Amino acid sequence: MFAIIQITLKGIFRDRVFQGIMVLAVLFLFIPSAASLSMRQVTELSITLSLSLISFILLLLSVFLGATSLWKDMERRYTFSVVSLPISRSSYLLGRFFGLALFIVLTSVILGAAGCLVIKICSGIYPPDRPVVWGYLVLAIGFATLKYILLVGVALLLSTVSTSFFLPVFGTICAFLASGVTQQVYEYVNSPIALQVVSPFFKPTVTLLYYLLPNLAGFDLNVNAIYSIAPDQSGLLLTVVYFVAYTAILMGGATLIFGHREMK
Amino acid sequence: MFALDIQGMGKSFKGKKRQVVEALQGLNLSIEQGEVFGFLGPNGAGKSTTIKCLMGLIKPTYGTATIMGEPIGSVASRMKVGFLPENPAFYDYLSAEEYLLFVGGIFKMSTALLARRTEEMLKLLELWDARKRPMRGYSKGMVQRVGLAQVLLHDPDLYILDEPMSGLDPLGRALVKNIIIDLKKRGKSVFFSTHITDDVEKVCDRVGVINKGQLLALDSVDHILQQGIEGYVVNITTVAGLREESFVTKSDLQIFIQRAISNQCLIEKIQPRRKDMEAFFLEIVAR
Ligand SMILES: Nc1ncnc2c1ncn2[C@@H]1O[C@H](COP(=O)(O)OP(=O)(O)O)[C@@H](O)[C@H]1O
Ligand SMILES: [Mg+2]
């Protein structure tokens, strides 16, 4: 599995898609000047922009690299030469997953450091009303990282059932978009007002989707970082447990499907 | 223990319009250790299907097989073979050297051994100068040679090669043939598929002919060539110094030679005239 992790990382760093996406990191340079345009709450704005940029880059990376890594292997017939080596299918798949996860972590460490630097500069020039709590910032970036690792898991699971990259790419994007709103929709459907408006078929569907789709709302700690608000500790713990359990289920399913897949 | 033991293995695919394609039908085949076996068949005969089943890439619909005593599909079975896929493709962002190191790692070779074998293989297959370049820029022949390097790297006892000579120029084909002959000398078992009869005639001990998913013939190469003898072309010089060439059937040869000797003729040359492997193959497939 270690060997697969290693070549996964090599593959990403030599990939054009990765190099293209990383060009976006140049945008960090513009954050101080963009933030200073607002005249007020410059530091808060710079934190917002940095976190958004990190999230956006991680989203692109997790969707495109996660969804295309298996697909590319099958499309370019690398699977014949690799899966026929004395390595189990599950090691291969988990190697891919951990390689991608490790890569997401590395990227967010580097981008996070760049973000912190930018915020430091901004807060130095325009001192904020409330001091920046660096711990909360790190926490926000850390949970965003977990969120995108989970998304890589979704992309890999979809790759194991699909023969094209269409389903994994768009499926992952849809899962991401839906994951932000499932909580609200679920709560709405279960509220007393909705009982009269919503059809009875709708509710079980929403409930099913609510449990099936990833719920990523808990991973968003941007507000805490921006306004230096202490996050709820038990909530964080719950989110970590959710991350581990959900990812384990995703990878369990992916391993099972991939193990039975025919390499024709 | 057989190097390869296939028992009643079959595979059907669901083709277009829910048609079922029976790509392989109840194959029984055992390969002895130290044997070079040619799996001969036209395109679409079921050769690759058989090999993919053996390597655990696809699952046989029915039947079983073992590789060096290990059931197919297991990691242990794959540990004991060197496998070359048909028209192989390798991670093109890696260089040949990186790829071999990757493969050796998966075969759990020690660092020192792996470094030595990698160098040997890269030199043997004339990839030494290109070893640091990503395989993206390799020609088809070079990729095929990487495939062979990867097969030989961990020095297994059994080799399963799917069309190892296809798409190679005469030089490349000769190289592959020499490698197989060398493996045979070292007592290794080789199972390779091909649609070219000439390859089989030169290097194999035994040949199996497959068509439409069925094994149609299974025989030693010597026996096939022996059976194929139609007669002999005999060159003699008579007492008068005349040179004569005549065609003699198998049954007449004894009498012909006796008569020639009693007539004090000098026998210059006796050459068997036979159907070659190609004729044998065409005959079986056409049946
Ligand atoms: N994935 C597949 N789906 C449907 N039919 C297949 C598939 N793979 C192979 N076949 C069919 O099985 C038969 C044997 O193919 P194959 O084993 O690749 O032949 P070859 O002897 O040339 O290697 C062919 O008729 C081919 O069309
Ligand atoms: Mg084939």
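Residues numbered from 1 in each chain as written. Chains lettered and ligands numbered in written order. Predicted model: local features only at pLDDT ≥ 70, side-chain atom pairs only at ≥ 80, totals over all residues. Heavy atoms only, no water.

## Some words on the coordination of the magnesium ion (ligand 2)
Residues and elements named next belong to chain B.
And then number 1: The protein atoms that coordinate the magnesium ion (ligand 2) are Ser48 (OG), Glu86 (OE) and Glu86 (OE), at distances spanning 2.1 to 2.8 Å. Residue Ser48 is located in helix H1 (residues 47–54), and its partner Glu86 is located in the loop between strand E6 (81–84) and helix H3 (96–106); the two are separated by 38 residues in the primary sequence.
And then number 2: Judged by relative accessible area, Ser48 falls into the buried class, the value being 16%.
And then number 3: On the basis of relative accessible area, Glu86 is assigned to the partly exposed category, the value being 30%. (Donors = N, O, S within 2.8 Å, 3.2 Å for Na, K, Ca; no water. Helix = DSSP H or I, 4+ residues; strand = E, 2+ residues; numbered from the N terminus. Buried < 20%, exposed > 50% of the residue type's maximum accessible area, 1.4 Å probe, protein only.)

## Concerning the site of ligand 1
And then number 1: What surrounds ligand 1 is the set Lys264 of chain A together with Phe13, Ala23, Pro42, Asn43, Gly44, Ala45, Gly46, Lys47, Ser48 and Thr49 of chain B.
And then number 2: Looking at what sits near ligand 1, you find residues from chains A and B.
And then number 3: Contact between ligand 1 and Ser48 of chain B: an oxygen atom at 2.7 Å from a side-chain N or O atom of the residue.
And then number 4: Considering every element that reaches the shell around ligand 1, the biggest residue donor is H1 of chain B, with three residues.
And then number 5: Each residue belonging to the shell around ligand 1 can be placed in one class, and the counts come to four nonpolar, five polar and two charged. (Near = heavy atom within 4 Å. Polar contact = N/O pair within 3.5 Å; in protein donor to acceptor, adjacent residues only side chain to side chain. Nonpolar A, V, L, I, M, F, W, Y, C, P; charged D, E, K, R; others polar.)

## Digging into the sheet that holds strand E12 (residues 243–249) of chain B
Strand pairs in the sheet, formed through backbone hydrogen bonds, run parallel or antiparallel to each other.
Residue and element names in this part refer to chain B.
And then number 1: Read across the open sheet, the three strands follow the order E12-E11-E13; overall the sheet is antiparallel. The open sheet has two free edges, formed respectively by E12 and strand E13 (266–274), since each of these has just one partner strand. Each strand of the sheet is rotated relative to its neighbour by a mean of 20°, with strand direction disregarded.
And then number 2: Relative to E12, strand E11 (residues 229–237) runs antiparallel, the two sharing seven bridges. Residue pairing for E12: Val234 is matched across the bridge by Ser246. (Pairing = 2+ DSSP bridges. Axes fitted to C-alpha atoms, helices over the stretch in contact; angles between N-to-C directions.)

## Here we look at unusual backbone geometry
Residues other than glycine predominantly adopt negative phi, and peptide bonds predominantly adopt the trans conformation.
All names here are of chain B.
And then number 1: The backbone of Asp155 shows a phi angle near 50°, a positive value even though the residue is not glycine.
And then number 2: Following the sequence through the fold, Asp155 ends up in the loop between helix H5 (140–152) and strand E7 (158–162).
And then number 3: By relative accessible area, Asp155 is classed as partly exposed at 32%.
And then number 4: In the Ramachandran plot, Glu163 falls in the positive-phi region, its phi being about 50° despite a non-glycine side chain.
And then number 5: Tracing the sequence through the fold places Glu163 in the loop between E7 and helix H6 (170–185).
And then number 6: Given a relative accessible area of 5%, Glu163 falls into the buried group.

## Details of the interface of chain B and chain A
And then number 1: Across the boundary between the two partners, chain B contributes 30 residues, which contact 27 residues of chain A.
And then number 2: Around 2500 Å² of area is buried between chain B and chain A when both sides are counted, 59% of it from carbon and sulfur atoms.
And then number 3: Three residues stand out in chain B for area buried against chain A, namely Leu57, Tyr91 and Tyr93 of chain B, and they jointly supply 27% of the buried area on that side.
And then number 4: Taken together, chain B and chain A are joined by four salt bridges.
And then number 5: Note that Glu98 of chain B is salt-bridged to Lys10 of chain A, the shortest N-O span being 3.6 Å.
And then number 6: Taken together, the links from chain B to chain A amount to 17 residue pairs in polar contact (both at pLDDT 80 or more).
And then number 7: At the level of secondary structure, the elements contributing two or more residues to the side of chain B that touches chain A comprise strand E1 (4–14), helix H2 (75–79) and H3 of chain B. (Contact = heavy atoms within 4.5 Å. Buried area = accessible area lost by both parts, 1.4 Å probe. Salt bridge = Lys/Arg side-chain N within 4 Å of Asp/Glu carboxyl O.)

## Observations regarding the domain arrangement of chain B
And then number 1: When cut into domains, chain B gives domain 1 (4–225) and domain 2 (230–275).
And then number 2: Computed from C-alpha coordinates alone, the two centres of domain 1 of chain B and domain 2 of chain B are separated by 45 Å. (Domains from an automatic or database assignment.)

## Brief notes about the state of the cysteines
Residue and element names in this part refer to chain A.
And then number 1: All chains considered together, the criterion is met by zero disulfides over all chains.
And then number 2: The thiol of Cys122 is unpaired, and the distance to the nearest cysteine sulfur, on Cys116, comes to 12 Å.
And then number 3: Note on Cys122: relative accessible area 2%, which makes it buried. (Disulfide = S-S within 2.5 Å.)

## So, empty space enclosed by the protein
And then number 1: Scanning the entire structure with this criterion turns up three cavities of 30 Å³ or more.
And then number 2: Space inside the largest cavity adds up to approximately 60 Å³.
And then number 3: Residue lining of the largest cavity: Ser81, Ser84 and Leu85 of chain A together with Val81, Gly82, Phe83, Pro85, Phe107, Gln150, Val151 and His154 of chain B, and that is the complete set.
And then number 4: Among the elements of the structure, E6 and H5 of chain B are those that each provide at least two residues to the lining of the largest cavity.
And then number 5: The element best represented in the lining of the largest cavity is E6 of chain B, accounting for three residues. (1 Å grid on protein atoms, 1.4 Å probe; cavity = no way out; pocket = protein on both sides within 12 Å on 5 of 7 lines; lining within 4 Å. Points joined across faces, edges and corners; volume = space filled by probe spheres on them.)

## Details of the packing of H3 of chain B against H5 of chain B
All names here are of chain B.
And then number 1: Two elements in contact, H3 and H5, have axes separated by 10 Å at closest approach and are oriented at 30°. Between H3 and H5, the angle falls in the class roughly parallel. H5 is crossed by H3, and the crossing has right-handed handedness. Residues Ala96, Tyr99, Leu100 and Val103 of H3 form the contact with H5, whose participating residues are Val146, Ala149 and Gln150. (Parallel < 35°, antiparallel > 145°, perpendicular 65-115°, else oblique. Left-handed = near helix turned anticlockwise from the far one by under 90°.)

## Describing the side chain of Asp15 of chain A
Residues and elements named next belong to chain A.
And then number 1: Mapping Asp15 onto the fold places it in the loop between helix H1 (2–13) and helix H2 (16–23).
And then number 2: Under the relative-accessibility criterion, Asp15 is labelled buried at 12%.
And then number 3: Within the structure, the side chain of Asp15 is placed 2.9 Å from the backbone nitrogen of Val17, a separation counted as a polar contact.
And then number 4: Beyond its immediate chain neighbours, meaning those up to four positions away, Asp15 contacts Leu65 and Lys72.

## A word on the environment of Ser46 of chain A
Residues and elements named next belong to chain A.
And then number 1: As for its position among the elements, Ser46 is in helix H4 (residues 42–75).
And then number 2: You can call Ser46 buried: its relative accessible area is 0%.
And then number 3: Considering only alpha carbons, one finds Ser46 and Phe64, 18 residues apart in sequence, at a separation of 27 Å.
And then number 4: Looking at Ser46, its side chain comes within polar contact range of the main-chain oxygen of Thr43, at 2.7 Å.

## Observations concerning the layout of surface pockets
And then number 1: Considered as a void within the structure, the largest pocket measures approximately 420 Å³ in volume.
And then number 2: Lining of the largest pocket is provided by 21 residues; of these, Gly11, Asp15, Lys72 and Arg76 of chain A together with Tyr93 of chain B occupy positions nearest its centre.
And then number 3: Sorting the residues of the lining of the largest pocket by element identifies H1, H2, H4 and helix H6 (89–125) of chain A as the ones contributing at least two each.
And then number 4: It is H4 of chain A that contributes the most residues to the lining of the largest pocket, six residues altogether.

## Details of the environment of Leu157 of chain A
Residue and element names in this part refer to chain A.
And then number 1: You can see Leu157 is positioned in helix H7 (residues 134–161).
And then number 2: With a relative accessible area of 21%, Leu157 lands in the partly exposed category.
And then number 3: In sequence terms Leu157 and Leu102 are 55 residues apart; their C-alpha atoms lie 18 Å from each other.
And then number 4: If we skip the residues at most four places from it in the chain, Leu157 touches Leu250, Gly253, Ala254 and Ile257.

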